[in-house]
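Survey of secondary and tertiary structure
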Amino acid sequence: MSAGIGSRSAGTAPRVLVVDGSKVVRQLITRVLKAELPEAELVGCGSGAEARELIEQGPFDFITIALRLPDMDGLELARHVRESAQAYVPIVVVSGDVDTRLHKRTLGEHVTDYFDKSLGFQALADFIRGYVRPEDTAEGTVLYVEDSRVVALATRRMLEKIGLTVRHVVSVEDALAMLETDRAQGNIGADVVLTDVSLKGELTGGDLLERIRTQFGYGKGQLPVLVMTGDENPANQAALLKAGANDLVEKPVEEKLLVTKLLFQLRVARHLRTRGAEA
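Residues numbered from 1 in each chain as written. Predicted model: local features only at pLDDT ≥ 70, side-chain atom pairs only at ≥ 80, totals over all residues. Heavy atoms only, no water.

1. Regarding the packing of aromatic side chains
- Scanning all chains against the criterion turns up 1 aromatic pair.
- Pairing Phe216 with Tyr218 gives two aromatic rings, centres 5.7 Å apart and planes at 25 degrees, and the pair type is stacked.
- Under the relative-accessibility criterion, Phe216 is labelled buried at 7%.
- When the ring centre of Phe60 is taken as reference, the NZ or CZ atom of Arg15 above it lies at 4.2 Å. (Phe/Tyr/Trp six-rings, centres within 6.5 Å; stacked < 30°, edge-to-face > 60°. Buried < 20%, exposed > 50% of the residue type's maximum accessible area, 1.4 Å probe, protein only. Lys NZ or Arg CZ within 6 Å of the ring centre and 35° of its normal.)

Laid out in structure tokens, this is it:
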């Protein structure tokens, strides 16, 4: 298991790995990212084998992968990242045929999210900026599920400090009741859900995730779900992603990382909703 990915200290320049078989595409992506994210270190490569070597040599904060690589499928590389990483790193598929793969449910649980290349690389830069250079302030409502009063108080202060509205409940049962009431009124009730896995009561954060995706039918773009977990087992983390979690935050939670991931999910959701409205 690699010691690199995700182990970087706060304050270091973000590193972005761009994996695409086309040299022209890599140059286009890196050129835009350099202009939009001048503080980031951008590394590009053209094959899965090259990417694996680079990943073993040092950590990355964000990885973009084309679905089709000269020597392997992009999802095979994503799986390798998940299996070799000691901490979670966002992996975004950048491709022109993502929608087809999504409809066939073949993207798998190793990919954090996707980006349609037809939207343009300027939009991609904006997409990635939300993670590697988050806003100082934000708008949105967070449905927060946490049964520890001490943890909840600290986290609420953390989120409200940047302008987010927090609706805090202590159990999955309370969260479901709130979502049901909101739905009856014609609203989703939140822009993002933040939940712990282990909670008091009969239901877990995993159960909440499952109900949101199936019972309520809210997709990843409609209601992002960010799951906090102290379980370092890759299989269990993968199961949460497969069940529909947009992203994971490992416990103990580090403030900058949590805020960054929340803002990223809010940004992605706004992006997907805009796409849906335009369509």
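Moving on from the model shown.
2. Some thoughts on the sheet that holds strand S9 (residues 225-229)
- Strand order in the open sheet made by the 5 strands is S7-S6-S8-S9-S10, with parallel pairing throughout. Strands at the two margins of the open sheet, each flanked by one partner only, are strand S7 (165-169) and strand S10 (247-250). For this sheet, the mean angle separating the axes of adjacent strands, direction not counted, is 20 degrees. (Pairing = 2+ DSSP bridges. Helix = DSSP H or I, 4+ residues; strand = E, 2+ residues; numbered from the N terminus. Axes fitted to C-alpha atoms, helices over the stretch in contact; angles between N-to-C directions.)

3. A word on the pattern of salt bridges
- Scanning all chains against the criterion turns up 7 salt bridges.
- Arg15 is paired through a salt bridge with Glu41; the nearest N and O atoms lie 3.2 Å apart. Taken as a pair, Arg15 in strand S1 (residues 15-19) and Glu41 in strand S2 (residues 41-45) lie far apart in primary sequence, 26 residues in all.
- Its relative accessible area of 14% is what places Arg15 among the buried residues. (Salt bridge = Lys/Arg side-chain N within 4 Å of Asp/Glu carboxyl O.)

4. Looking at the environment of Asn187
- In this structure, Asn187 sits in the loop between helix H7 (172-184) and strand S8 (192-196).
- In this structure, Asn187 is in contact with Asp182 and Tyr218, ignoring residues within four places of it in sequence. (Contact = heavy atoms within 4.5 Å.)

5. Considering the nonpolar core
- By size, the foremost hydrophobic cluster in this structure holds 24 residues, and its most contacted members are Leu143, Leu179, Val193, Leu208, Ile212, Leu223 and Ala245.
- Those elements giving two or more residues to this core turn out to be strand S6 (141-145), H7, helix H8 (205-213), S9 and helix H9 (234-242).
- Looking at this core, the element that brings in the most residues is H7, giving 5 residues.
- Not counting chain neighbours up to four residues away, the residues in contact with Leu143 comprise Arg167, Val169, Ala175, Met178, Leu179, Ala190, Val192, Val193 and Leu194.
- Within the second largest apolar cluster, 21 residues are counted, among which are Phe60, Leu69, Met72 and Leu77. (Core = buried A, V, L, I, M, F, W, Y, C linked by side-chain atoms within 4.5 Å.)

6. Points about the confidence of the model for the chain
- Within the chain, residue pLDDT values average 83, and 85% of them lie at 70 or more.
- Low pLDDT, under 50, characterises residues 1-7; the predicted model gives this stretch 23 contacts beyond four residues in sequence or across chains. (pLDDT = per-residue confidence, 0-100.)

7. Re H7
- Helix length check: H7 (13 residues) gives 18 Å between terminal C-alpha atoms against 18 Å at 1.5 Å per residue, within 8%.
- Along H7, the positions that sit buried rather than exposed are Val172, Ala175, Leu176, Met178, Leu179 and Asp182. On an axial view of H7, the arc spanned by its buried residues comes to 160 degrees, and they lie on one face. (Expected span 1.5 Å × (residues − 1). Arc of directions from axis to C-beta.)

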